[in-house]
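Structure at a glance
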Amino acid sequence: MFRQSAVLLFLITPPSVAAQPPVAGGNPNPPLRFKWQVDQSVTYKVTQQTVVRETVLDEKTEKPVTTVAKTNLALVRRWTVKAVDATGVATLEMTITAMKNEFLRPDGSSVVRDSADPEHAREMAAYLNVPVVTVKVDSQGKLVEVKEAKAGSGARLQAELPFRMVLPDTGPTVGQTWVRAFQMKLDPPLGTGESHEFSQSFRATEVKTGLLVMAVETALKDPPKALAERIPLVPMLWTGEVYFSTTANRYHAARLKAKAELLNHQGQGTKFEYESVYSEDVVEK
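Quick notes on the rules
Throughout this description, residue numbers start from 1 for each chain and increase along the sequence as written. This being a predicted model, a pLDDT of at least 70 is required before a residue's local features are given, and a value of 80 or more before pairs of side-chain atoms are given or counted; all residues contribute to the totals for chains, interfaces and linings. Heavy atoms from the whole structure form the basis of all side-chain values; hydrogens and water molecules are not counted. We count a salt bridge whenever a side-chain nitrogen from Lys or Arg sits within 4 Å of a carboxyl oxygen from Asp or Glu. The helix count covers DSSP runs of H or I at least four residues long, the strand count covers runs of E at least two residues long, and both are numbered beginning at the N terminus. Only protein chains enter the accessibility calculation, which uses a 1.4 Å probe; a residue whose area is less than 20% of its type maximum is buried, one above 50% is exposed, and one in between is partly exposed.

Counted according to the given criterion, the structure contains nine salt bridges. We note a salt bridge from arginine 77 to glutamate 280, for which the minimum N-O separation is 3.3 Å. Taken as a pair, arginine 77 in strand β2 (residues 64–84) and glutamate 280 in strand β12 (residues 271–283) lie far apart in primary sequence, 203 residues in all. For glutamate 280, a relative accessible area of 0% corresponds to the buried category. Glutamate 273 is the salt-bridge partner of lysine 271, the closest N and O atoms lying 3.9 Å from each other. We classify lysine 271 as partly exposed; its relative accessible area is 26%. Overall, the relative accessible area of 21% leaves glutamate 273 in the partly exposed class.

Let us look at unusual backbone geometry. Between glycine 171 and proline 172 the backbone carries a cis peptide bond, its omega angle lying at 5°. Mapped onto the secondary structure, proline 172 falls in the loop between α3 (156–159) and β7 (177–186). A positive phi angle is found at glutamate 62, which is not glycine, with a value near 60°. Secondary-structure assignment places glutamate 62 in the loop between β1 (41–57) and β2. Using a relative accessible area of 61% as the deciding quantity, one classes glutamate 62 as exposed. The backbone of threonine 209 shows a phi angle near 45°, a positive value even though the residue is not glycine. The residue threonine 209 is located in the loop between β8 (194–208) and β9 (211–220) in this model.

By themselves, these observations are geometric and do not establish any function.
So this is what it looks like as structure tokens:
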């Protein structure tokens, strides 16, 4: 059975925004932090291309049959700082202001939904130009709380942080590494409520033109023994680079990829392949 529809729907949950000033006290090299300001809004443009290929054995002929499904997603989202508490934790709302999603079916047909089309915009009214995600994020980019997530699972935001990164306790300096651990809970139809442990490592690689570049790699700590059970976890295995503006003290951009190949996931001769490419950039005013 071809499972890409559940996996692809799981992909479309949108990411995040920024945080509070560095700790005062005379430190000439305070740790890098998000800087939050109430009523501040930051807009990001996102594109994501995903391809899912699955080879299974035909029930009658027992010969391998391969199906391919693709999605092309483009959206514009705006994060607005609604409040900042005394500890530097910001309450942020995320609004999708434009969205185009193209789903290419295995039979070659396609379905397109584009908010630029008035009819499609009416279909998207429940999550277009209205707050769809409300979160609390601290000055290191850590997700403190998911208060509301209309578009998709709130648990997804534990895996895909609003700003795709966490900053270390000190620094960072070029070459510095740090790690964050997180859990991903899979509720039906993707799972039965079980949680899986992940590890996400960061390394500061360079600072150029006011941007800190960080390499990121995500790994599943104890992959399920049954390969078929790994399928909904594959989209979390992002690797690539994220960028933080050292002048604006905010998340700037991301270039990420998730890719996996599961051989014999439904018996000898079957295969599941997944590849997704994600880009996000701040939209300068």
